[in-house]
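# Analysis of the macromolecular model
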Amino acid sequence: MNVSIELAERFHEKWQLNGVTGCWEWTGAVAGRGYGFIKRPGERKQIYAHRLSYLIHYGELPDGLMVCHTCDNPRCVKPSHLFLGTSADNAQDMKTKDRHLHGERNKRSKLVADQVRHVFKLADEGVSQGDIGKIFGVAQSTIWKILTGQRYQDIYSEIQSAKEVASLGEHK
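Rules and cut-offs
- Residues numbered from 1 in each chain as written.
- Predicted model: local features only at pLDDT ≥ 70, side-chain atom pairs only at ≥ 80, totals over all residues.
- Heavy atoms only, no water.
- Helix = DSSP H or I, 4+ residues; strand = E, 2+ residues; numbered from the N terminus.
- Rg over C-alpha atoms; globule rule 2.2 N^0.38 Å.
- Buried < 20%, exposed > 50% of the residue type's maximum accessible area, 1.4 Å probe, protein only.
- Phe/Tyr/Trp six-rings, centres within 6.5 Å; stacked < 30°, edge-to-face > 60°.
- Axes fitted to C-alpha atoms, helices over the stretch in contact; angles between N-to-C directions.
- Parallel < 35°, antiparallel > 145°, perpendicular 65-115°, else oblique.
- Left-handed = near helix turned anticlockwise from the far one by under 90°.
- Contact = heavy atoms within 4.5 Å.
- Nonpolar A, V, L, I, M, F, W, Y, C, P; charged D, E, K, R; others polar.

Right, let's talk about the overall build of the chain for a bit. Along the backbone of the chain there are seven helices and six strands. Along the chain, helices (α) and strands (β) appear in the sequence α-β-β-β-β-α-β-β-α-α-α-α-α when read from the amino end. In terms of C-alpha radius of gyration, the chain reaches 24 Å, well past the compact-globule figure of 16 Å for 172 residues. Burial statistics for the chain: of 172 residues in total, 28% are counted as buried.

Take a look at the structure:
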């Protein structure tokens with residue numbers, strides 16, 4: 001996409017420096033998830049402001065890549081806070097920064113941390129996955145995913161570490 005001088009000038013009129021974070025915060029129109037956007041002149045199309053910033057400052061966007069934020073601020077359009085990545089890169093960045101919804105932070109989650117720990121305790125006591133699921137009102141497959149570390153990975157790691165420490169103590 002070619003960026004016209006008119007569009008670049010309009011872009012630079014619509015951000016303001018945040019003195020605390022250093023972000024260039026978009027002051028124009030904002031979409032549902034907080035990302036700024038701007039209309040292309042003479043077209044009925046819009047473009048996300050952070051994508052436009054990347055185009056203005058670095059050039060074309062390769063196919064299959066998205067513009068991601070190092071600052072995790074969707075309103076930010078500062079070029080040095082932007083990087084190219086795949087959807088998987090963006091998801092990994094989110095996970096690394098602990099911004100993903102997991103466990104109790106996910107409003108749709110049916111179990112809280114203490115219940116998940118209890119799932120492991122019941123499984124260690126020989127209670128079947130199906131029965132554990134019935135106790136907590138979830139499917140057996142959910143219990144299996146918990147016990148194999150596919151859900152609640154943080155608690156799974158905690159339990160595995162505790163088991164390793166316990167087994168080391170038994171070998172002394």
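Having seen the model, we can carry on.
Attention shifts here to the packing of aromatic side chains. This structure, assessed with the given rule, holds five aromatic pairs. Between the aromatic rings of tryptophan 15 and tryptophan 24, the centroid separation amounts to 3.9 Å while the plane-to-plane angle is 5°, which identifies the pairing as stacked. Looking at tryptophan 15, the relative accessible area reads 23%, which means it is partly exposed. Overall, the relative accessible area of 16% leaves tryptophan 24 in the buried class. Consider the rings of tyrosine 54 and tyrosine 58, whose centres lie 4.8 Å apart with planes at 50°: the pair is tilted. With tyrosine 54 and tyrosine 58 both in helix H2 (residues 49–58) and four residues apart, this pair spans about one turn of that helix.

What follows is about the packing of helix H1 (residues 5–12) against H2. Running from amino to carboxyl end, H1 crosses H2 at an angle of 125°, the nearest separation of the two axes being 11 Å. Between H1 and H2, the angle falls in the class oblique. The handedness of the crossing between H1 and H2 is left-handed. For the pair H1 and H2, contact is made by Leu7, Ala8, Phe11 and His12 and by Ala49, Leu52, Ser53, Ile56 and His57, respectively. In terms of residue class, the contact of H1 with H2 is made up of six nonpolar, three polar and no charged.

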